[in-house]
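# Results of the structural survey
Letter by letter, the chains look like this.
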Amino acid sequence: MKMSRAQLYRRIDQAEKGEWEALKQLAERSPWRQKFHIQPVAGLLNDPNGFAFFAGEYHLFYQWFPLGTGHGMKYWYHTSSSDLVHWKNRGIGIAPGGPFDSHGAFSGSAIEKDGKLYLMYTGNTRSPDWIRHPFQCMAVMEPDGVITKLEQPVILKVPRGFTDHFRDPKVWMEGGSYYCIIGAQRLDNTGSVVLYRSPDLIQWHFEGEIGTRLKSFGFMWECPDYFELDGTGILLFSPQGISPQGDRFRNIYQAGYLTGRPFNLADREFHHGEFRELDSGFDFYAPQTTQAPDGRRLLTAWMGLPEIDYPTDDHGWAHCLTLPRELTLKNGRLIQRPVRELVKLRGSKTEVRTVVNDESLSIAELAGTAYELLVDVRDGGANRFGIEFRAGRHERTVIYYDRTEGKLVLDRSLSGQSFALEYGTERKCPLELRDGTLTLHLFVDISSVEIFVNDGEETFTARIFPERESTGVNFFAEGGRVAFDAIKWDTQ
């Protein structure tokens, strides 16, 4: 049931009697609750926020509307973990409702300073005639987890030349100063990113727009993130309004990155290469990174998209976050691997080696609904070959290689309850086999899959909604022989 605007912009303390408890019970009964992904108890989850290591733990917040599955009054919900694998719910981190976040605490980031974690976020407000007025706000978390919002915004106004689509600050420190970038929309309705500088996280000075070659690339750039790897500057952002180009940009909105020489903070020019999508699948948006204590750059993202109805909407909850990923750089491209700590999820182990010759072979030992599956595939000249998983009488999700096209394809046309059909049921990326081999590393959860290809050179992320009984795994080859070496771990 669609909510009215008034219903969407209620705080949780304005819920009707029994409403929140009923929503939680509805969510608990959902057959698509995840086993090892971060998900909301009930309501809607979207962007990851405030990802940071602080006081001996990883802290990860997410956008949360508690009273339904629409995009309404957003909170920051707090989770934490000692190992990036087992996350505990800490409750509301930032609650909206003040004069500068009256209509939601929108996305932002975190940085440690003087033994405290500073949470910078966009306060969403609306005038009586529903005109947006964004403010960049700050909250401070003590080591014991207590969070206090500062009374005044740290950035009061949108700079000249930009619309009120101005949000999602990502903060870092460099050379004794603090910097943040903010996603913005120019007055000509094109997207960009702007830079601010501060000596203390409180007083911020507008430096100007980040100069890129993308002068007209969508109408808004959301959730920007900047960091450096191996002397290379990397700018992540989620552009809205990009038209499809062949197999690229097939989702309603995209998430990707530019690489180039590190920002010259004096002139703000970023000399970069082409924009590359971070994920080749269906459901990946608003990624955010942080640096681990050992120096690794870690990323997580919203496993979902705006303005799309998902099957769990009728179950009182929506969306989850991706598993954390480690980022490295190779030949100017980001490589994404599941964080090494995820080996802690591994339970019972099954190994299968088989050869498939122009047939489909059901592998009963690999069946399941939540598991990690690592498959090395050696091609013996087949035209097409791949894996069907969460397969049943009428359902299956398929990842396969098409030799004629030279592409890897994820097909969810028969994955269960369908959704977002206007954006298609296949996602493809060009891929060259290395010595005739292909490695597929799947993390299958109750209603999702994350696939890491050739040790992280490509990734496919997707929500899928099969029946509980659809547990099968099949290896297949068409027009030739293929050898499959598989290891499966049930998740604990």
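All values reported here derive from a predicted model rather than from experimental measurement.

Take unusual backbone geometry next. Of note, C223 is a non-glycine position whose phi angle comes to about 50 degrees, a positive value. The residue C223 is located in strand β13 (residues 220-229) in this model. When its relative accessible area of 7% is taken as the criterion, C223 is described as buried. Even without being a glycine, D455 presents a positive backbone phi close to 60 degrees. Structurally, the position occupied by D455 is in the loop between β30 (448-453) and β31 (458-463).

Below, the discussion takes up the domain arrangement of the protein. Examined at the domain level, the protein breaks down into domain 1 (5-338) and domain 2 (342-491). Averaged C-alpha coordinates put domain 1 and domain 2 at centres separated by 30 Å. In this assembly, 41 residues from domain 1 lie in contact with 41 residues from domain 2. Between domain 1 and domain 2 the total buried area reaches about 3700 Å² when both faces are included, carbon and sulfur atoms providing 57% of it.

Right, let's talk about the packing of aromatic side chains for a bit. A complete count under the given rule lists 31 aromatic pairs for this structure. For the ring pair F166 and Y196, a centre distance of 6.4 Å and an interplane angle of 70 degrees mean the geometry is edge-to-face. Of this pair, F166 sits in strand β9 (residues 162-174) while Y196 sits in strand β11 (residues 191-198); the two residues are 30 residues apart in sequence, bridging distant segments of the chain. F166 sits in the buried class, given a relative accessible area of 1%. Under the relative-accessibility criterion, Y196 is labelled buried at 3%. Ring geometry for Y310 and F419: centres 4.8 Å apart, planes at 40 degrees, overall tilted. You can see Y310 sitting in the loop between β18 (297-302) and β19 (317-318) and its partner F419 sitting in the loop between β27 (407-414) and β28 (426-430), a full 109 residues away along the chain. Each member of the pair, Y310 together with F419, is buried. The rings of W20, Y62, W64, Y75 and Y77 are connected pair by pair, giving a single aromatic cluster. Stacked on the ring of W317, the Lys or Arg R33 has its end atom at 4.6 Å from the ring centre.

Next up on the list: the UniProt feature "domain: Glycosyl hydrolase family 32 N-terminal" (unreviewed entry) in the protein. Taking the UniProt record as the reference, the feature "domain: Glycosyl hydrolase family 32 N-terminal" (unreviewed entry) is found at residues 37-338. Taken end to end, residues 37-338 is 0% helix and 52% strand, and its first and last C-alpha atoms sit 13 Å apart.

Attention now goes to the environment of Q254. One can find Q254 in the loop between β14 (232-240) and β15 (256-260). Along the backbone, Q254 and Y400 are 146 residues apart, and their C-alpha atoms lie at a distance of 23 Å. Excluding residues that lie within four positions of it along the chain, Q254 makes contacts with S238, P239, I242, F249, E277 and Y285. Engagement of the side chain of Q254 in a polar contact is seen with the backbone oxygen of N251, the distance being 2.7 Å.

Ordered by their spatial adjacency, six strands build an open sheet running β23-β32-β25-β26-β27-β28, and the pairing between neighbours is antiparallel. Two strands close off the open sheet at either side, each with one partner strand: β23 (360-362) and β28. Strand-to-strand twist in this sheet, taken as the mean axis angle between neighbours without regard to direction, amounts to 15 degrees. Note: β27 against β28, five bridges, orientation antiparallel. Among the inter-strand pairings, L410 is bridged to a residue of β28, identified as R427.

A few words now on the pairing of strand β29 (residues 437-445). Each regular strand carries side chains that alternate between the two faces of the sheet. Counted residue by residue, β29 has seven buried out of nine residues, so it is predominantly covered. Alignment of strand β24 (residues 371-380) against β29, held across eight bridges, turns out to be antiparallel. Within β29, the residue paired with Y371 across the bridge is V444. In this sheet, β30 lies alongside β29 in antiparallel orientation, the contact comprising six bridges. Residue pairing in the sheet places H441 in a bridge with F452 of β30. Between the antiparallel neighbours β29 and β30 lie two residues.

Let's shift gears to the pattern of salt bridges. Any two side chains of opposite charge can pair if their charged atoms end up close together. Under the criterion given, the structure shown has 38 salt bridges. Across the pair K24 and E21 runs a salt bridge whose closest N-O atoms are separated by 3.3 Å. Of this pair, K24 and E21 both sit in helix α2 (residues 19-28), separated by three residues, roughly a single helical turn. One salt bridge in this structure joins K330 and E457, with 3.4 Å as the shortest N-O distance. Note that K330 is positioned in strand β20 (residues 325-330) and E457 in the loop between β30 and β31, a separation of 127 residues in sequence. You can call K330 partly exposed: its relative accessible area is 40%. Judged by relative accessible area, E457 falls into the partly exposed class, the value being 24%.

Spatially, the five strands line up as an open sheet ordered β4-β3-β2-β1-β19, and their pairing is mixed. The open sheet terminates on both sides in strands that have one partner only, identified here as β4 (88-94) and β19. Taken together, the five bridges between strand β3 (residues 75-81) and β4 define a ladder with antiparallel strand orientation. What sits directly across from S80, in β4, is K88.

Moving on: the layout of surface pockets. Roughly 1200 Å³ of internal volume is contained in the largest pocket. Every residue lining the largest pocket is counted, 47 residues in all, and those nearest its centre are L44, T69, G70, H71 and G72. Only α1 (5-8), α2, β1 (43-54), β5 (105-113), β6 (116-126), β9 and β13 provide two or more residues apiece to the lining of the largest pocket. With four residues, α2 is the single largest residue contributor to the lining of the largest pocket. Residue composition of the lining of the largest pocket, grouped by class: 18 nonpolar, 14 polar and 15 charged. There is about 720 Å³ of room inside the second largest pocket.

Reading guide: rules and limits
Residue numbers restart at each chain and count upward from 1, following the sequence in its written direction. The model is predicted, so local features are restricted to residues of pLDDT at least 70 and side-chain atom pairs to those at 80 or more, both for listing and for counting; the totals for chains, interfaces and linings are taken over all residues. Each side-chain value is derived from all of the structure's non-hydrogen atoms; neither hydrogens nor water enter the calculation. By definition, any uninterrupted DSSP run of H or I lasting at least four residues is a helix, any uninterrupted run of E lasting at least two residues is a strand, and each is numbered from the N terminus. Burial classes: relative accessible area under 20% of the type maximum marks a residue as buried, over 50% as exposed, and values in between as partly exposed (1.4 Å probe, protein chains only). For the domains described, the bounds stem from an automatic or database domain assignment. Contacts are assigned to residue pairs with any non-hydrogen atoms lying within 4.5 Å of each other. Using a 1.4 Å probe, buried area is obtained as the accessible area two parts lose upon being combined, added over both of them. To pair, rings of Phe, Tyr and Trp, with the six-membered ring standing in for Trp, must have centres within 6.5 Å; the planes then decide the type, stacked if under 30 degrees apart, edge-to-face if over 60, and tilted in the middle. Whether a charge lies above a ring is judged from NZ of Lys or CZ of Arg, which has to be within 6 Å of the ring centre and within 35 degrees of the ring normal. UniProt positions are given in the numbering used here, feature names are shortened, and annotations may be inferred rather than shown by experiment. Whenever a nitrogen or oxygen atom comes within 3.5 Å of another N or O atom, the pair is scored as a polar contact, on the condition that within protein one atom can donate a hydrogen and the other can accept it, and that pairs from neighbouring residues in sequence are kept only if both atoms are in side chains. The rule for pairing is simple: two strands pair if DSSP sees at least two bridges between them. Between the N-to-C directions of two axes lies an angle of 0 to 180 degrees, each axis being a line fitted to C-alpha atoms and, for a helix, fitted only over the stretch in contact. Each salt bridge in this description consists of a side-chain nitrogen of Lys or Arg and a carboxyl oxygen of Asp or Glu lying within 4 Å of one another. Only protein atoms enter the 1 Å grid, on which a cavity is a set of points fitting a 1.4 Å probe that cannot get out and a pocket is an open set with protein on both sides within 12 Å along at least 5 of 7 lines, lining residues being those with an atom within 4 Å of a point. Grid points are joined across faces, edges and corners, and a volume is the space filled by probe spheres set on the points. Here the nonpolar group is Ala, Val, Leu, Ile, Met, Phe, Trp, Tyr, Cys and Pro; Asp, Glu, Lys and Arg are the charged ones; every other residue, Gly included, is treated as polar.

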